[in-house]
Every structure is written in structure tokens, then in C-alpha cells.
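These are the residues of each chain, in order.
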Amino acid sequence: MVNFDFSMAGIGSLGAMVLIAMVFICYCFAIHLIVTWNPYHRPAIPLVSSLILCTGPMLAMSMEKDGATSLAEMLEIIFLFTSLGGGVIVLWMPIILVFVTFQMLIVSRKSPTEDPLIDMLEN
Amino acid sequence: MVFWVNQALLSFTLLIAAFSMWRMGPAFKRSKFAGPIALIGLAGLIFLPEQPLYFESDYHRCEFISFCNDDGRESYLKVVTWSLISISTALIGCYTIIRGSRIYAERNLPVLTIGWFFLGLSWWSIAQSQWFVDAYTRLDVLAWMVCFIFGIAGTVYILFRIIRFTENVSPKDPPIEPLNDNERRLVTEMIRRNLGDGS
């Protein structure tokens with residue numbers, strides 16, 4: 001049976017987060033390549049690579065207990081990895097929002113220059 | 001198979017697909033399907049089905065999976081809802097502030113005020129979400145966040161190397177033939193008409 005326990009602290013869970021990040025990015029990248037399929041971009045090698053990087057850790061995790069896996073278990077593991085990945089990205093949101101708020105403060109106080117082209121050159 | 005888990009996964013996948021379709025292609029011709037697919041994905045994430053009842057076949061499977069019970073569904077929904085509120089209010093706020101500032105036109109104070117209201121709402125929603133408060137007061141979660149960034153950086157680097165490799169092994173297209181006289185005349189005429197020759 002699938003055991004989803006990432007709550008322990010220590011090196012193991014830190015390594016797990018690196019793996020989760022890899023699976024999350026590769027999953028998103030594979031979906032991106034599939035839905036925006038363009039043969040001129042030659043997506044076959046990147047797609048196969050990202051699928052291998054994505055399914056490898058998931059297969060290993062689902063076969064960890066009894067050496068067998070099923071579609072249901074794989075779907076649950078994909079859900080776990082993507083949810084954790086998305087969750088950690090959302091956790092960064094307050095830090096990102098600090099920078100965004102600061103940028104919006106600058107934008108709100110900004111006054112237009114006489115010549116935008118000269119301004120662009122100077123910046 | 002747990003139904004709400006599958007629906008959440010499918011909806012998340014649809015959201016990624018919609019975002020990819022929205023950003024691809026020239027700026028004046030984005031995919032028409034991105035918006036509807038994103039709406040279906042969002043609806044699927046918010047309106048999750050209830051847990052199976054005790055007489056349904058999937059009920060017993062939920063006894064073995066930590067996130068399958070009602071608490072798991074409720075906490076997932078709570079995090080998704082608060083995250084969506086925070087992200088959407090922040091996006092609306094930024095867009096409104098940019099529209100109300102002096103970047104594109106004269107400063108519009110009411111629009112600017114509405115933008116800052118939405119940005120403040122985003123900060124309020126973050127402060128109200130117990131999830132953020134819990135996460136930022138735990139050292140192990142902060143360490144996970146940092147490790148996650150390292151994982152993303154490493155994966156992006158690997159994918160970058162794979163794309164470089166693909167480009168290197170792809171056969172190069174042969175050099176194209178130079179324009180013949182007829183084609184040269186056509187191109188010259190097109191440029192002359194577009195640039196104008198003063199006539």
C-alpha cells in the first residue's frame with residue numbers, strides 16, 4: 001500500500017523535496033510539450049527525457065513496499081507529488097509578493113519623462 | 001482509485017495545459033481554447049466530489065491512504081481556495097495599479113486606489129490563511145522550500161542540457177537557394193509598397 005509520509009524532518013525529507021521539484025517540473029514540461037506539439041521544435045527527446053525523469057521516482061516510490069504497482073497507485077503518487085510541488089511554490093508567494101508590492105510602489109509613484117526613448121537609453 | 005484525487009490531478013493538468021496554450025504562438029494569435037480549458041480546470045479544483053460512502057467500493061481504500069479521508073479533502077480544498085484568492089487578488093491588483101499609474105496614460109487615482117485595495121486584500125488573505133502562518137513558523141518547512149528551489153534549479157539545468165543536446169544532434173537544414181530574378185523582383189516590389197517610394 002502507498003505510504004505518503006513526508007512529515008519527518010532531516011536529510012531524507014530534504015532529498016525528497018529535491019525529487020518532488022524534479023518530478024513537478026518534468027511533469028509540467030511534459031504537458032507543455034504535448035499540448036503545444038510542434039514537430040519543428042523537435043520535442044521527442046526532451047519529452048521522453050522529462051517523462052523518464054518524472055515517472056522514475058514515482059515508479060520507485062509505488063514499488064517500494066511490495067514490489068508491485070498499479071495505475072491507481074501511480075495516479076495517487078502523481079497527485080501527491082504535484083500537490084506538494086504546487087503547495088511549496090504557493091508557499092513562496094508572500095516572499096514574491098513583497099517584491100511585487102515594492103515594484104508596484106515604484107510604478108505608482110513613477111512620473112513620465114519628457115522623452116521616453118532617452119529615458120529607456122539611460123536605464 | 002480515489003475519485004476526488006483523480007479529479008484534482010486532472011484539473012491541475014488542465015490548468016498547466018491551458019497556461020501553456022495561452023503563452024504559445026504569436027502575441028496577436030493566442031489559442032482560443034486556453035480560457036475555457038482554464039475555467040474547467042479551476043472549476044474542477046474547487047468543486048471536488050465528496051468522499052465515497054461506506055457501501056461504495058472505493059471506501060475501504062481510503063482507510064489506507066493518508067490524504068484520502070474527509071480531513072485530507074477539506075484541508076486540500078482550504079489551501080486551494082485561499083491560494084486562489086491570494087493569487088487572483090494579487091494579479092487583479094497589479095493589473096489595476098499598472099493601468100492606473102502613469103505608464104500608459106495620465107495617473108488615474110480611483111483606479112490606482114482600487115488596485116492597492118486588491119493588493120491589500122491579497123496580503124490580508126495571506127495573513128488569514130493559517131497554512132502560511134504555520135509554514136513560516138517552522139524551520140523544517142523553510143528548509144523544504146529552499147531545497148525545492150535547488151531541485152527546480154537542478155531540473156531546469158538538466159532540461160536545458162537535454163534541449164542543447166537535441167539541437168546539436170538534429171540534422172542541419174541545407175542552405176537555401178538564392179532568390180531567382182522573378183522572386184527578387186517580387187520581394188523588391190513588396191518592400192517598395194510597404195515602405196512607400198514617395199509616389
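Residues numbered from 1 in each chain as written. Chains lettered and ligands numbered in written order. Predicted model: local features only at pLDDT ≥ 70, side-chain atom pairs only at ≥ 80, totals over all residues. Heavy atoms only, no water.

A. Seen up close, the overall build of chain A. In terms of helices and strands, chain A carries 5 helices and 0 strands. Along chain A, helices (α) and strands (β) appear in the sequence α-α-α-α-α when read from the amino end. Out of the 123 residues in chain A, the part that is buried amounts to 43%. Within chain A, contacts between residues separated by at least 24 positions form 56% of all contacts whose residues are at least 6 apart in sequence. Per element, the accessible surface of chain A, about 6800 Å² overall, is 71% carbon and sulfur. (Helix = DSSP H or I, 4+ residues; strand = E, 2+ residues; numbered from the N terminus. Buried < 20%, exposed > 50% of the residue type's maximum accessible area, 1.4 Å probe, protein only. Contact = heavy atoms within 4.5 Å. Areas by Shrake-Rupley, 256 points an atom, 1.4 Å probe, with all protein chains shown as cover.)

B. Representation of the packing of helix 3 (residues 71-91) of chain A against helix 6 (residues 139-169) of chain B within the structure. Here helix 3 of chain A crosses helix 6 of chain B at 105 degrees, and the two axes come no closer than 10 Å. By the angle between their axes, helix 3 of chain A is roughly perpendicular relative to helix 6 of chain B. Contacts between helix 3 of chain A and helix 6 of chain B pair A:Gly85, A:Val88, A:Ile89 and A:Leu91 from the former with B:Val141, B:Met145 and B:Phe148 from the latter. Taken together, the residues that form the contact of helix 3 of chain A with helix 6 of chain B break down as 6 nonpolar, 1 polar and no charged. (Axes fitted to C-alpha atoms, helices over the stretch in contact; angles between N-to-C directions. Parallel < 35°, antiparallel > 145°, perpendicular 65-115°, else oblique. Nonpolar A, V, L, I, M, F, W, Y, C, P; charged D, E, K, R; others polar.)

C. Main features of unusual backbone geometry. A positive phi angle, close to 50 degrees, is found at A:Arg42, a residue other than glycine. Locating A:Arg42 in the fold gives a position in the loop between helix 1 (11-35) and helix 2 (44-62).

D. The arrangement of the pattern of salt bridges in detail. Residue and element names in this part refer to chain B. Summed over the entire model, instances satisfying the criterion amount to 5 salt bridges over all chains. The closest approach of N and O atoms between Arg 192 and Glu 189, which form a salt bridge, is 2.8 Å. Of this pair, Arg 192 and Glu 189 are both found in helix 7 (residues 181-195), 3 residues apart, which corresponds to roughly one turn of the helix. Ionic pairing is found between Glu 189 and Arg 193, a salt bridge with its closest N-O pair at 2.9 Å. Separated by 4 residues within a single helix, Glu 189 and Arg 193 lie in helix 7, roughly one turn from each other. Relative accessible area serves as the criterion here: at 64%, Arg 193 is assigned to the exposed category. Because the salt bridges share partners, they merge into one network encompassing Glu 189, Arg 192 and Arg 193. (Salt bridge = Lys/Arg side-chain N within 4 Å of Asp/Glu carboxyl O.)

The quantities given are spatial measurements derived from coordinates; they are silent on function.
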